[in-house]
Amino acid sequence: MLLFALWSCTVGSDTKLGIYNQPPAVSIVSPVSGSEYDEGEVVEFSAVIGDDFTAPGDLGITWQSDLQGELVGGDLPTDEGQLLWSTANLLPGEHIITLVVFDEENEATQDTTQISITDLPDIPEIRIVQPISGDYGIEDEYYTFIVEVYDGFDPLNELIVTFSNQNEVFCQPVPDSTGRAACDAILDAGDHDLLFTVSNSNGFTAEAQGFFVVRSTLDIDNDGDNYTENQGDCDDTNSTVYPGAEEVENGYDDDCNGLIDEGDDDGDGYNEEQLDCNDNDPTVNPGAVEVANGIDDNCNGLIDENTENYDDDGDGYCESGNCVNTTNSAQDCNDADILVSPSETEICGDGIDNNCNNDQNELNAVNCTEYYRDYDGDNYGDPNYSTECWCSPVGDFDVTNNLDCYDYNSLANPNQSGYFSTHRGDFSFDYNCQDGEELLYTTTGTCYKDLGLSEYCRVDTVGWSGATPSCGQSGDILDDDGDCECSSNWTCLWNDCVFEPDSSLVQECR
């Protein structure tokens, strides 16, 4: 202070006093301390800042929470120092929010406010309104299923609601503004385990389970006689007809036992109650023998069973081809085996005529073998000819390899070791199927002078006298029969040997 006072005294009346940098000014205007917000709700902060030297836009600004640390984001202050910042990401709990402002000289000032964030449930809620305990539906009739949903974040009409029956979705209604979601649906008769779910945009799902029974129309007593169709009522529109009713002579099955005005009318010892299916024919009764006549002689509900006109094994065919219990006219060759009939596929190697055509070796039967055609009979198949699948060899289709290169000449095959002077049939000499022609004779013949006996010329190498002929072509050959001669009648001492061919040879190939 003394130095400052002395300095001040020496300054003239026209000189300004020294100016010192002051910390910035800062004040949080809103929210006021003690404010409360729900989790996820937007909190808007406003403040006023300023500095004696630094413009508001050049001041350093940080927002901090004692619960979350530094908070990022926010707008730049206006030229008047108004500062706005908002967030919806504050964690539940008590927060002391601090605004710190720095000037260019790193002088800092801060202000605080205290707010509370209320924790909200993350999972939506769902409640079944309908069906309630004791409710049931009726087969083939609509029933209204209703739930109520709630969520702390999403608008109710944006929640995803699903109704499922045994894990199969049958409805996805959209909730109204009150959270009620309803759906009219028809479910099959029987018991149903229902699942109602609701999901929000945060990926959370809640569910409610319910049990619902749909009654069959056959379980409803329409005529009020205390019997339903599933309880044996054979006429649920007539209250005098039901199981146990008194049978009277009226042309109706009053007691629902399947008999009308029952009694032994034909004198065969059986009446309708004793299961006589035709009480007007004494040859028809439960003790009769079934014959092939198109009638249920023994009243067992079957016609001509165990006769040639009946499909006994259930494969759709009978022995006669005139079946009473099927429309197929082909004959079954074994009516005791359901796997043997004209519609079956032949199976190789099982010793059975599976399709009743008197043949156990058929093209494309089950477990058949792919055979290649061996037209020339050399045990090698033609790769250029389609195979046929048989249980055993048939005709030319009798080999399982496709190694033949020319299936019209039995001498042409991969096992051939000989050479030939004529082509195999297609102007090719590739008899051993090696994709080429191999020459048998390739050596060129030569002569030499016998200096010990200067008057002689001798054969040095047996072979062709000129260029090697191609397959099937002939050429002059130098052999051991004296084909080498002197070029004059004198001795060969001063003359060369020449070739005087007297034989030719045809080139062989494979």
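Enquirer: Can you help me understand the pairing of strand β17 (residues 369–373) in this one?
Expert: When a strand is regular, its side chains alternate between the sheet's two faces. In this sheet, strand β18 (residues 388–390) lies alongside β17 in antiparallel orientation, the contact comprising three bridges. Of the residues in β18, the one forming a bridge with Thr369 is Trp390. In the sheet, β17 pairs with strand β19 (residues 397–399) via two bridges, with the strands oriented antiparallel. Bridging across to β19, Tyr372 finds its partner in Val399.

Enquirer: Would you take a moment to explain the state of the cysteines for this structure?
Expert: Each disulfide is one covalent bond, formed between the sulfur atoms of two cysteines. Tallied over the full model, the rule gives nine disulfides. Residue pairing for Cys368: its cysteine sulfur links by disulfide to Cys389, the two sulfurs lying 1.8 Å apart. Since a negative S-S torsion denotes a left-handed disulfide, the Cys368-Cys389 link at about 100 degrees is right-handed. Taken together, the residues span a long stretch of sequence, with Cys368 in the loop between β16 (205–215) and β17 and Cys389 in strand β18 at a distance of 21 residues. Shown here is the disulfide that connects Cys405 with Cys433, its sulfur atoms set 2.1 Å apart. Between Cys405 and Cys433, the S-S dihedral sits near -75 degrees, and the bridge is therefore left-handed. Here Cys433 lies in the loop between β19 and β20 (446–450) and Cys405 lies in the loop between β19 and β20, a separation of 28 residues in the sequence. A relative accessible area of 26% means that Cys405 is categorised as partly exposed.

Enquirer: Can you walk me through the sheet that holds β19 in this structure?
Expert: Backbone-to-backbone hydrogen bonds pair the strands of a sheet. The strands run either parallel or antiparallel. Within the open sheet, the three strands sit side by side as β18-β17-β19. Their pairing is antiparallel. Strands at the two margins of the open sheet, each flanked by one partner only, are β18 and β19. Going across the sheet, the axis of each strand differs from the next one's by a mean of 65 degrees, ignoring polarity.

Enquirer: Just checking my understanding: could you explain the nonpolar core for this structure?
Expert: Burial of nonpolar side chains together is a common tendency in soluble globular proteins. Ranked by internal contacts, the top residues of the largest apolar core, which has 21 residues, are Ile126, Phe145, Val147 and Phe163. In this structure, Tyr37, Leu83, Val101 and Ile117 belong to the second largest nonpolar core, which totals 18 residues.

Enquirer: Would you mind going over the confidence of the model for the protein chain with me for this structure?
Expert: The predicted structure's coordinates, where accompanied by low pLDDT, should not be read in detail. Confidence in the prediction of the protein chain, expressed as mean pLDDT, is 88, and 93% of residues score 70 or more. In the predicted structure, residues 1–17 sits below a pLDDT of 50 and forms four contacts with residues beyond four places in sequence or in another chain.

Enquirer: Looking at this model, I keep getting lost on unusual backbone geometry. Mind explaining?
Expert: One can expect most non-glycine residues to show negative phi and most peptide bonds to be in trans. Going from Ser30 to Pro31, the amide bond is cis rather than trans, its omega being 0 degrees. Position of Pro31 relative to the elements: it lies in the loop between β1 (25–30) and β2 (35–38). The omega angle of the peptide bond from Gln130 to Pro131 is 15 degrees, so this bond is cis rather than trans. With respect to the helices and strands, Pro131 occurs in the loop between β9 (125–130) and β10 (136–138). Phi angles above zero are rare outside glycine, and Asn167 is one such case at about 70 degrees. Among the residues examined, Asn167 registers a relative accessible area of 77% and is labelled exposed.

Enquirer: I keep staring at a negative patch on the surface and nothing clicks. Help me out?
Expert: Side chains of Asp58, Glu104, Glu105 and Glu107 sit close together on the surface and give a patch of like negative charge. Within the secondary structure layout, Glu104 lies in the loop between β7 (93–102) and β8 (108–118). For Glu104, a relative accessible area of 60% gives the class exposed.

Enquirer: Would you explain the side chain of Asp253 in this entry?
Expert: Examined against the element boundaries, Asp253 turns out to sit in the loop between β16 and β17. One buried charged residue, Asp253, forms no salt bridge at all, with the nearest opposite charge on Arg215 at 25 Å. Of note is the side chain of Asp253, whose polar atom sits 3.2 Å from the backbone nitrogen of Cys256. A polar side-chain atom of Asp253 sits 3.2 Å from the main-chain amide nitrogen of Asn257. Residues in contact with Asp253, not counting those within four places in the same chain, are Cys234, Val241, Glu247, Gly258, Leu259 and Ile260.

Enquirer: Sorry, what's going on with the packing of aromatic side chains here?
Expert: Working definition: an aromatic ring pair is given by the centre-to-centre distance plus the angle between the planes. This structure, assessed with the given rule, holds 15 aromatic pairs. Centre to centre, the rings of Tyr143 and Phe212 are 4.6 Å apart; their planes meet at 45 degrees, and the pair counts as tilted. Within this pair, whereas Tyr143 is found in strand β11 (residues 143–150), its partner Phe212 is found in strand β16, the two being separated by 69 residues in sequence. Of the two residues examined, Tyr143 and Phe212, each falls in the buried class.

Enquirer: Please explain the side chain of Ser35 as it appears in this structure.
Expert: For Ser35, the location among the structural elements is in strand β2. A relative accessible area of 15% means that Ser35 is categorised as buried. Here Val32 takes part through its backbone oxygen, which lies 2.7 Å from a polar atom of the side chain of Ser35. Among residues more than four places away in sequence, those in contact with Ser35 are Gln114, Ile115 and Ser116.

Cut-offs and rules
Residues numbered from 1 in each chain as written. Predicted model: local features only at pLDDT ≥ 70, side-chain atom pairs only at ≥ 80, totals over all residues. Heavy atoms only, no water. Pairing = 2+ DSSP bridges. Helix = DSSP H or I, 4+ residues; strand = E, 2+ residues; numbered from the N terminus. Disulfide = S-S within 2.5 Å. Buried < 20%, exposed > 50% of the residue type's maximum accessible area, 1.4 Å probe, protein only. Axes fitted to C-alpha atoms, helices over the stretch in contact; angles between N-to-C directions. Core = buried A, V, L, I, M, F, W, Y, C linked by side-chain atoms within 4.5 Å. pLDDT = per-residue confidence, 0-100. Contact = heavy atoms within 4.5 Å. Patch = residues over 30% accessible without salt bridge, like charges linked within 9 Å, V, L, I, M, F, W, Y side chains within 5 Å. Areas by Shrake-Rupley, 256 points an atom, 1.4 Å probe, with all protein chains shown as cover. Salt bridge = Lys/Arg side-chain N within 4 Å of Asp/Glu carboxyl O. Lys, Arg positive; Asp, Glu negative; His and termini not counted. Charge placed at Lys NZ, Arg CZ, Asp CG, Glu CD. Polar contact = N/O pair within 3.5 Å; in protein donor to acceptor, adjacent residues only side chain to side chain. Phe/Tyr/Trp six-rings, centres within 6.5 Å; stacked < 30°, edge-to-face > 60°.

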